[in-house]
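# Topology and contacts: notes
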Amino acid sequence: MSGAPLDWLAGQGKALTGEITVPGDKSVSHRAVMLAAIAEGESSVEGFLEGEDTRATAAIFGQLGVRIEAPSPSRRRIHGVGLHGLRAAAGPLDCGNAGTGMRLLAGLLAGQAFDSELVGDASLSRRPMGRVIEPLRRMGARIEAREGGLPPLRILANNGLQAIDYELPVASAQVKSAVLLAGLYARGETVVREPHPTRDYTERMLSAFGWPVRFSPGLARLEGGHRLRATDVQVPADFSSAAFFLVAASLVPGSDLLLRRVGMNPRRTGLLAALRLMGADISESGAGEQGGEPVADLRVRHARLRGIAVPEALVPDMIDEFPALFVAAALAEGETRVSGAAELRVKESDRIAVMASALRALGADISETPDGAHIRGGRLAGGQADSHGDHRIAMSLAIAAQLASGEVRIGDCANVATSFPGFVELARSAGFGLRAAPPIL
Ligand code: S3P
């Protein structure tokens, strides 16, 4: 999906200073488009993430017959067609790099009276979909996948799902959301129980669109047969995008950086707790609410970080932040231990293996375990490290390079556009030494 191959050249820049605002939240942007599309009436979305993942989701609803206008960047006006107003698409629906897009859409499309096919890029085509297929089949959905539950997914026409009471085998907001979205079309009450609470944006947003949902950490219930009413959604800045700057400014001496209006949903801010345990100096101010989500300004100043054993209870609340945490650990004093994080192996890449080999290439002392890593902090050198097309790994390695003794060439960075368009420019404006470069073929 992302354009031409792209490398980055990154190296020591300046202390990170000033004020920045990172783009809108990816999870919220996906859900806003999905629910607005099947609501009755016209919804507007402000702060929409103009990333490839979320644009792919919007384009899919265009194929399904929903009119979506983009009056200006980061805004969408969505003319909802109602719960039963989607139409069959003429061709496959391309989710690009987005696991969230594909898994949530599988749930939403499972209850439609027409067939659909969901496809994705090379990375998404390797990611496990059995975790959504299994509960959706139990609800009566007919879904075909490649061997091993891999995409593409063919979702066959259905004329009535049945609610289930489902206990998630893994803590996954994507699986929970797929089941809840199918539950909109099911007879009876759908119940989802989680081993650890995960992000609750689907539940919150369903409520904002007027669907009765009962939820508390680890549990969500809803009944089929209601309606969604159009509403206006304000998307907060993405904590996961802010995370790169929290780590970078903690590490680079002399930094003092303000991140404006960051989404602070407690199911997302585990990294903040982990960094504070490591000794980071991050303060919050101006706490408020944006579109029903807590937001705050975060001021981060350089501090000496110490290694920690990351509490396993924090893992689901920082699941997307481990590549950045690994960098913090590689430059902290002492050892950091990560465990209980096997899910990292089935993200956009195997984030344990890819981070271990990339950091090792820069001289770090890191060993993998099946569900985490042991990282002994020290110094990093320049060199070459590959992101394997994983957006969060590319950005994390750009942080590592700010502290490395020489320049780092980071390979395969084009996918950063999936979640953080404009990262290079924003990072440079804050002080990063970073530029795009054509890859060496
Ligand atoms: C997401 C949930 C998480 C996260 C992903 C976005 C979501 O995945 O890693 O980036 O929007 O629901 P899992 O719920 O599968 O862990």
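Residues numbered from 1 in each chain as written. Predicted model: local features only at pLDDT ≥ 70, side-chain atom pairs only at ≥ 80, totals over all residues. Heavy atoms only, no water.

### What about the sheet that holds strand 3 (residues 40-46)?
With mixed pairing, the four strands of this open sheet are ordered in space as 4-5-3-16. Each edge of the open sheet is held by one strand with a lone partner, namely strand 4 (67-69) and strand 16 (232-234). Going across the sheet, the axis of each strand differs from the next one's by a mean of 15 degrees, ignoring polarity. As defined by bridge partners, strand 3 adjoins strand 5 (residues 75-81) across seven bridges and the pair is classed as antiparallel. (Pairing = 2+ DSSP bridges. Helix = DSSP H or I, 4+ residues; strand = E, 2+ residues; numbered from the N terminus. Axes fitted to C-alpha atoms, helices over the stretch in contact; angles between N-to-C directions.)

### Description of the sheet that holds strand 8 (residues 143-146)
With respect to topology, four strands assemble into an open sheet ordered 6-7-9-8, the strand pairing being mixed. Both edges of this open sheet fall to strand 6 (93-94) and strand 8, since each of them pairs with a single strand only. The sheet contact formed by strand 6 and strand 7 (residues 116-119) spans two bridges and is parallel. Note on strand 7: the bridge partner recorded for Leu 93 is Leu 118. The sheet strands contacting helix 4 (residues 130-138) are strand 8 and strand 9 (150-155), and the helix crosses strand 8 at an angle near 160 degrees. (Contact = heavy atoms within 4.5 Å.)

### Looking at the domain arrangement of the protein chain
Here the protein chain is described as being made up of domain 1 (8-24 + 236-436) and domain 2 (26-234). Here the C-alpha centroids of domain 1 and domain 2 sit 29 Å apart. The interface is formed by 27 residues belonging to domain 1 together with 24 residues belonging to domain 2. Here domain 1 packs against domain 2, burying approximately 2200 Å² in sum over the two surfaces, 46% of which is carbon and sulfur. In terms of surface lost to domain 2, no three residues of domain 1 exceed Arg 267, Glu 348 and Thr 418, which account for 25% of the buried area on that side. At the surface where domain 1 touches domain 2, the tally comes to four salt bridges. For Glu 293, the salt bridge goes to Arg 204, with nearest N and O atoms at 3.4 Å. Our count for the contact surface shared by domain 1 and domain 2 stands at 13 residue pairs in polar contact (both at pLDDT 80 or more). For the side of domain 1 that touches domain 2, the secondary structure elements donating two or more residues are strand 19 (293-301) and helix 11 (391-403). (Domains from an automatic or database assignment. Buried area = accessible area lost by both parts, 1.4 Å probe. Salt bridge = Lys/Arg side-chain N within 4 Å of Asp/Glu carboxyl O. Polar contact = N/O pair within 3.5 Å; in protein donor to acceptor, adjacent residues only side chain to side chain.)

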